[in-house]
Every structure is written in structure tokens, then in C-alpha cells.
Amino acid sequence: MNLFRSLRERFGRVIWVVIGSVALLGCGLLFALVLAPQQKLEARRIERMPVMDANIVVNTAAGEDVLVTGWLNAEPLPGVGDFIAYKLEQWEVTPPDPDEPGDEPSGSWKEVERVVPDLELDADGQIVWILAAEGVYLNGKLHEEIVGSGSYDSADYMGQNLSEGSSRYRGFYSGDLATVWGKKASAGGVIPDELFAGDRLTFIESKHDAAKGLLIAGISMLVCSPVVLIGGILSAIFGRRRR
């Protein structure tokens with residue numbers, strides 16, 4: 001009975017290893033052959049767009065792409081310091097695995113709120129209205145403020161122990177240089193898809209870097225897939241059975 005139980009357990013582990021390696025292979029193909037090329041095409045499309053000022057934005061047809069750079073201006077939002085647009089994240093701590101000696105707690109940020117109200121963008125002395133929108137991607141070198149929670153559970157973040165439930169605000173202050181990527185609204189102004197903290201050139205470079213990152217991640221997963229498969233099968237077959 002023990003022999004059959006051991007064989008069943010090892011066979012089950014082999015099945016999970018195969019499933020995991022196939023999933024890793026699929027993700028690698030997705031990243032390398034789909035997402036990375038799509039990101040590269042978007043970066044090239046953005047790079048070919050003309051430099052826009054307020055007059056060009058005004059004369060752009062509704063629904064067309066807009067890429068404009070300028071200085072943001074708005075009153076700080078209530079209760080969040082100097083932020084005029086921000087995303088709020090909360091620190092979640094995962095306790096160490098009791099079955100893994102030396103394992104330490106880990107933490108990750110979970111987004112709980114994103115606020116982008118109507119904003120003014122000063123583009124060469126002329127105002128472009130950036131309209132309030134949901135789901136706007138905030139990117140670039142954003143301002144960051146962390147508010148600790150005082151919870152007992154904590155995990156390392158940038159070299160410091162950060163308590164679970166701590167809050168992190170990331171976003172823009174009035175006067176920040178920003179590049180706005182979005183669509184021309186039918187009633188005027190721009191409906192933003194992305195607010196980038198930086199100039200047009202840096203924004204374009206970030207898009208190319210994202211494409212490279214996706215490609216490298218995809219290739220890494222493709223390389224790791226057979227390693228995981230072979231190593232996992234050998235471990236499942238010849239490894240010691242847990243009691």
C-alpha cells in the first residue's frame with residue numbers, strides 16, 4: 001500500500017510539473033511573440049507622432065490620438081497633501097512559510113484607489129484641458145509618499161521594515177512636467193490614457209524599454225520552461241517523499 005501511495009504521489013507531482021512548465025511555455029510565447037511586438041509597434045507609432053502644441057490639439061479631430069507635453073496645474077486634492085492626481089496603494093504582507101527554514105515575510109503593493117480629476121496642462125503658454133477619467137495609467141518618476149500603519153506584521157521594502165496596511169501615494173504635484181497620451185474629446189480637451197512624469201523623449205524611451213522588457217521576460221520563460229520540466233520530473237521521481 002505504501003508503494004502504491006508513493007507512486008501515486010510522485011505521479012501527481014509529475015503532472016503538476018508538466019502543467020507548470022506548459023503554462024510557463026505558453027506565457028513565454030505570449031510575451032515574446034504577441035505582447036512584445038505589440039508594445040514595439042505602439043512605441044514606433046508614438047515616436048512618429050508630430051510634436052503637438054495647444055493649437056494642434058484644438059484642431060485635432062475628436063477620437064484621434066493626442067500626445068502633448070506641458071506643465072500641470074491644479075489645486076491639491078483634499079486630504080492627500082500636495083497631490084493633484086494620484087494612485088493609492090496598500091502594503092500587504094505574506095507571512096513566511098513555516099515549512100521552509102529561513103523563509104522571510106514578503107510584501108507587495110495592492111492598488112485601492114486612483115484619482116485623476118480635470119487638470120490644466122500649460123503647453124508653451126497655452127492651456128490644454130486634461131479631462132477627468134478612470135483607469136488612467138500613471139507612469140514615470142512620480143512623487144511618492146508613504147504613511148505607515150503601525151501594524152506588528154511587516155516586510156522589507158527598499159531596505160526598511162514596512163508594516164502591513166501602510167499606504168503609498170504616488171502621483172503628480174502642481175507644476176510637474178508631464179506628457180499626456182490620450183484621445184481628443186468631442187467636447188474639447190483630452191481624455192487621457194496615460195499621464196507620464198517627464199518629457200516626450202523620455203516617454204517614448206519608456207515605451208521602447210517596456211517592449212524590450214516584455215521580450216526579455218518572454219525569452220527567459222521559454223528558457224526556464226524545459227529546465228523546470230526536467231528538474232521537476234527528476235525531483236518528483238527521485239526526490240525524497242515528504243512524511
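Please refer to the structure higher up on the page.
Below is a short write-up of the structure.

For serine 21, the location among the structural elements is in helix H1 (residues 2–48). Overall, serine 21 belongs to the buried group, its relative accessible area being 4%. For the pair serine 21 and valine 136, spaced 115 residues apart in sequence, the C-alpha to C-alpha distance is 34 Å. Aside from chain neighbours lying at most four places away, what touches serine 21 is Ser225 and Leu229. Looking at serine 21, its side chain comes within polar contact range of the main-chain oxygen of valine 18, at 2.9 Å.

With that settled, the discussion passes to the pattern of salt bridges. Counted under the stated rule, the structure contains eight salt bridges. Measuring nitrogen to oxygen at the nearest pair gives 2.5 Å for the salt bridge that ties lysine 183 to aspartate 65. Residue lysine 183 is found in strand E11 (residues 177–184), and its partner aspartate 65 is found in strand E1 (residues 65–73); the two are separated by 118 residues along the sequence. Accessibility expressed as a relative area gives 19% for aspartate 65, which makes it buried. Residue glutamate 144 pairs with arginine 168 through a salt bridge whose shortest N-O separation is 3.8 Å. Note that glutamate 144 is positioned in strand E7 (residues 143–147) and arginine 168 in strand E10 (residues 167–173), a separation of 24 residues in sequence. Each of the salt bridges in this network shares a partner with another, and the network as a whole consists of Glu89, Glu144, Arg168 and Arg170.

Here is what the cut-offs are and how they apply
- Residues numbered from 1 in each chain as written.
- Predicted model: local features only at pLDDT ≥ 70, side-chain atom pairs only at ≥ 80, totals over all residues.
- Heavy atoms only, no water.
- Helix = DSSP H or I, 4+ residues; strand = E, 2+ residues; numbered from the N terminus.
- Buried < 20%, exposed > 50% of the residue type's maximum accessible area, 1.4 Å probe, protein only.
- Contact = heavy atoms within 4.5 Å.
- Polar contact = N/O pair within 3.5 Å; in protein donor to acceptor, adjacent residues only side chain to side chain.
- Salt bridge = Lys/Arg side-chain N within 4 Å of Asp/Glu carboxyl O.

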